[in-house]
Amino acid sequence: MEIWTNFVDLIYTMLLGLSTIFGGNMGLAIGVMSVSVRLALLPLTLRFARRSMEVQAALKKLEPAFSNIRKKYKHDPQRIWHETANLQNLHGIRLFDARSFLGMLLQAPLFIGVFAAVRRGLAGPGGLFWIKDLMQSDPLLALICAFLTGLSVAMAPNIPESQRTATMIIPATLTFL
């Protein structure tokens, strides 16, 4: 547990250093830290995204075969699952592999450590833009987050129309909770 505490302390110290650089603005320090972590993990993220796109393209090519399997065995869900898995194995499609699990395993401690350090940093002084205390909720910021979340979902090209409304409303609603 001491290793974890030291890891979070290191991230928190970097947050304090950034805050000092930005004139005590902890909100700006958190933003810069978050962007830096995302940039550091960008090669891994792009690799996962490419892999995901390859799998989606392969599954799309096999959609007629999946449809035939669903029609042929519509009353036997177990058989549908089995035949679908066999078809995926036959074409070398693995929806989940050890490399993607290892990548998630590497990213998780970093994100959790940044989160823990940010929580500790929010207890100190400092604000962001018009927000004086980052520990207090701000309705305008919540509204901006809800709008941007809804907008990003609305602009996503790979969400089916039947799910688009729900995927826009649910995250935007959760922003206010």
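Everything here concerns the structure above.
Residues numbered from 1 in each chain as written. Predicted model: local features only at pLDDT ≥ 70, side-chain atom pairs only at ≥ 80, totals over all residues. Heavy atoms only, no water.

Trainee: Teacher, can you tell me more about the pattern of salt bridges here?
Mentor: Pairs can form between side chains of opposite charge whenever their charged atoms are close. Under the counting rule described, the total for this entry stands at two salt bridges. We note a salt bridge from Arg 70 to Glu 63, for which the minimum N-O separation is 2.6 Å. Overall, the relative accessible area of 36% leaves Glu 63 in the partly exposed class. For Arg 79, the salt bridge identified is with Glu 83, shortest N-O distance 3.0 Å. Of this pair, Arg 79 and Glu 83 both sit in helix 5 (residues 77–90), four residues apart, which is roughly one turn of that helix. (Salt bridge = Lys/Arg side-chain N within 4 Å of Asp/Glu carboxyl O. Buried < 20%, exposed > 50% of the residue type's maximum accessible area, 1.4 Å probe, protein only. Helix = DSSP H or I, 4+ residues; strand = E, 2+ residues; numbered from the N terminus.)

Trainee: Would you mind showing me how to read the packing of helix 2 (residues 26–40) against helix 3 (residues 42–61) here?
Mentor: Between helix 2 and helix 3, the shortest axis-to-axis distance is 4 Å and the interhelical angle comes to 55°. One way to sum up the angle between helix 2 and helix 3 is to call them oblique. Every residue of helix 3 that contacts helix 2 at Arg 38, Leu 39 and Ala 40 is listed here: Leu 42, Pro 43 and Thr 45. (Axes fitted to C-alpha atoms, helices over the stretch in contact; angles between N-to-C directions. Parallel < 35°, antiparallel > 145°, perpendicular 65-115°, else oblique. Contact = heavy atoms within 4.5 Å.)

Trainee: Would you mind showing me how to read the nonpolar core here?
Mentor: Generally speaking, soluble globular proteins have nonpolar side chains that are buried together. By size, the foremost hydrophobic cluster in this structure holds 14 residues, and its most contacted members are Leu 15, Met 33, Val 114 and Ala 117. Among the secondary structure elements, those contributing two or more residues to this core are helix 1 (2–21), helix 2 and helix 6 (98–122). Setting aside residues up to four positions removed in sequence, Val 114 forms contacts with Ile 11, Met 33 and Val 37. Of all hydrophobic cores here, the second largest spans eight residues; its members include Val 55, Phe 66, Ile 80 and Leu 87. (Core = buried A, V, L, I, M, F, W, Y, C linked by side-chain atoms within 4.5 Å.)

Trainee: Teacher, can you tell me more about the environment of Ser 52 here?
Mentor: Take Ser 52: it is sitting in helix 3. Since its relative accessible area comes to 35%, Ser 52 is described here as partly exposed. Between the C-alpha atom of Ser 52 and that of Leu 95, which follows or precedes it by 43 residues, the distance is 8.4 Å.

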